[in-house]
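The primary structure of each chain is shown beneath.
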Amino acid sequence: MIQTNGKKIFAELQADAEALYVNCGYLMRYAVGFAPEDGAVVIDKDGVTLYTDARYIEAAEKLFQGTEVTPTLWKGKTKKDILGGYKTLAISFQETSYAEFLQLNEIGVTLVDADARLATLMEKKNDWELSRIAKACEIAEDAFNALLPQIKEGMTETEVAALLEYTMRKMGAQGLSFETIVAFGAHAAVPHHETGDTKLRFGDEILIDFGCKVDGYCSDITRTFLFGDDGKHEDFKVAYQHVLRAHELAQEKIMSGMTGKQADAIARDYLKEHGYGELFTHSLGHGIGLNVHEKPAVSPKSDKVLEDAMVFSDEPGVYKAGEYGIRIEDTVTLKDGKVKSFMSKTDKNLIIL
């Protein structure tokens, strides 16, 4: 069943503008649940119109039969034809190119920035959205568990990433949340290492940060483990247990009503207390939805109040340059005031293959 948010969006924006116009993929998907290439959505008091071309019109007409959305062909229509009747038009300033901004200005309509209101709407997920995120998380975990016994010495980071991505696709993922990060050995000390051709050796640590999409909604998960134990990882093992405890404490203690800053401090203060404060170099978490990085921020600078139905990551990390990096990440939400993780199928205790 298709999920549309047109009426909800217009109710939020009608005080600012007569209509909303969006043409970037994730905003179209949020508005109508469908994002054709070279398409656009217009929402006003009369309803929701999806403009597309002949490649998508037949599918769109079937998809939106009986819904609030009216699919319409672009052909023969200019932006002035479809938008020239409005005095005020809400758009995403962030997602509008300068060239298109100039085109819209030439129509003579007053442009209003919709980004803040759209971001606020998208922060809290409804049950359908939560179910899509849950499915994306399930696929990611199942794919990871299927990957582990297939990892062999001599494989490259790229080969491991490709195998994981193929497995997620095979299990029903419709795309990747972001480019998969696979880091062997000291490469894991770079939080966003660029996956490459380094070959796996016995005794290497492995860090994998990955996720997939279902109906446009993302999962995000990181697991760190060892490929064999060469007896040279005592510092790593101690640090791992502290990162795991910081991760667990965040899930135990974060509550609705806290600010992002307060939530971040739960893990950060624990790691600082145990001597790892300067090695935790990023925020505890970020919002997850149609984008893998969106609001709310769970960071030392965030005064945003966390509420039920928000979705974000819990990902403390420790990075010792030239030696090792550890990150343990779940996608989580808030329900009844407490953290509920979408991740339950993978073992977060240190795995040694």
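Anything mentioned here points back to the structure above.
First things first, this report covers the structure right here in the doc. (Residues numbered from 1 in each chain as written. Predicted model: local features only at pLDDT ≥ 70, side-chain atom pairs only at ≥ 80, totals over all residues. Heavy atoms only, no water.)

1. So, the nonpolar core
Definition in use: By nonpolar core we mean a set of buried residues, namely Ala, Val, Leu, Ile, Met, Phe, Trp, Tyr and Cys, connected to one another through side-chain atoms within 4.5 Å. Each residue is assigned to one of three classes by its accessible area relative to the maximum for its type, calculated with a 1.4 Å probe on protein chains only: buried under 20%, partly exposed between the two thresholds, exposed over 50%. Numbering of helices and strands runs from the N terminus, with a helix taken as a DSSP run of H or I at least four residues long and a strand as a DSSP run of E at least two residues long. Any pair of residues with heavy atoms lying within 4.5 Å of one another is described as a contacting pair.
Within the largest apolar cluster, 65 residues are counted, with the highest numbers of intra-cluster contacts made by Ile-9, Leu-20, Val-41, Met-168 and Ile-208. The greatest single-element share of this core, amounting to 9 residues, is contributed by helix α7 (residues 127-147). Filtering out sequence-adjacent residues up to four positions away, Ile-208 remains in contact with Phe-144, Leu-147, Val-160, Leu-164, Thr-180, Ile-181, Val-182, Ile-221, Thr-222, Arg-223 and Phe-225. Membership of the second largest hydrophobic core comes to 30 residues, among which are Leu-226, Ala-267, Leu-284 and Phe-312.

2. Things to note about the pairing of strand β8 (residues 181-184)
Heads up, the rule is: The pairing criterion is simple: DSSP has to find at least two bridges between the two strands.
The alternating pattern of β8 places Ile-181 and Ala-183 and Val-182 and Phe-184 on opposite faces, both of which are buried. Taken together, the 4 bridges between β8 and strand β9 (residues 205-210) define a ladder with antiparallel strand orientation. Note that in β9 the partner of Ala-183 across the bridge is Leu-207.

3. Let's talk about the side chain of Glu-129
Residue position: Glu-129 is located in helix α7. Setting aside anything within four residues of it in sequence, one finds Glu-129 in contact with Tyr-30, Lys-124 and Tyr-217.

4. A closer look at empty space enclosed by the protein
Quick note on the threshold: Only protein atoms enter the 1 Å grid, on which a cavity is a set of points fitting a 1.4 Å probe that cannot get out and a pocket is an open set with protein on both sides within 12 Å along at least 5 of 7 lines, lining residues being those with an atom within 4 Å of a point. Grid points are joined across faces, edges and corners, and a volume is the space filled by probe spheres set on the points. Polar here means any residue outside two lists: the nonpolar Ala, Val, Leu, Ile, Met, Phe, Trp, Tyr, Cys and Pro, and the charged Asp, Glu, Lys and Arg; Gly therefore counts as polar.
This model, assessed by the stated rule, comprises 2 cavities of 30 Å³ or more. Approximately 50 Å³ is the volume found for the largest cavity. Tyr-21, Val-22, Asn-23, Cys-24, Leu-27, Ser-92, Glu-95, Thr-96 and Glu-100 are the residues that line the largest cavity. Size it by volume and the second largest cavity reaches roughly 30 Å³. Of all the secondary structure elements, the ones that give two or more residues to the lining of the second largest cavity are α1 (6-13) and β1 (19-22). With 3 residues, the single largest contributor to the lining of the second largest cavity is α1. For the lining of the second largest cavity, a count of residues per class yields 8 nonpolar, no polar and no charged.

5. A closer look at the sheet that holds β8
What counts, and what does not: Note on method: axes are straight lines fitted to C-alpha atoms, helices fitted across the in-contact stretch only, with angles between N-to-C directions ranging 0 to 180 degrees.
Taken together, 3 strands build an open sheet; the order of strands is β8-β9-β12 and the sheet is antiparallel. Strands at the two margins of the open sheet, each flanked by one partner only, are β8 and β12 (221-226). Within the sheet, the average angular offset between the axes of one strand and its neighbour, ignoring direction, is 10 degrees. Strand direction decides the pairing type here: β9 and β12, joined by 6 bridges, are antiparallel.

6. Regarding the sheet that holds strand β10 (residues 212-214)
The 3 strands lie next to each other as β7-β10-β11, forming an open sheet whose pairing is antiparallel. Sheet topology places β7 (175-176) and β11 (217-218) at the edges, where each strand pairs with a single neighbour. With 2 bridges joining them, β7 and β10 adopt antiparallel strand pairing. Bridge pairing in β10 places Gly-175 opposite Lys-213.

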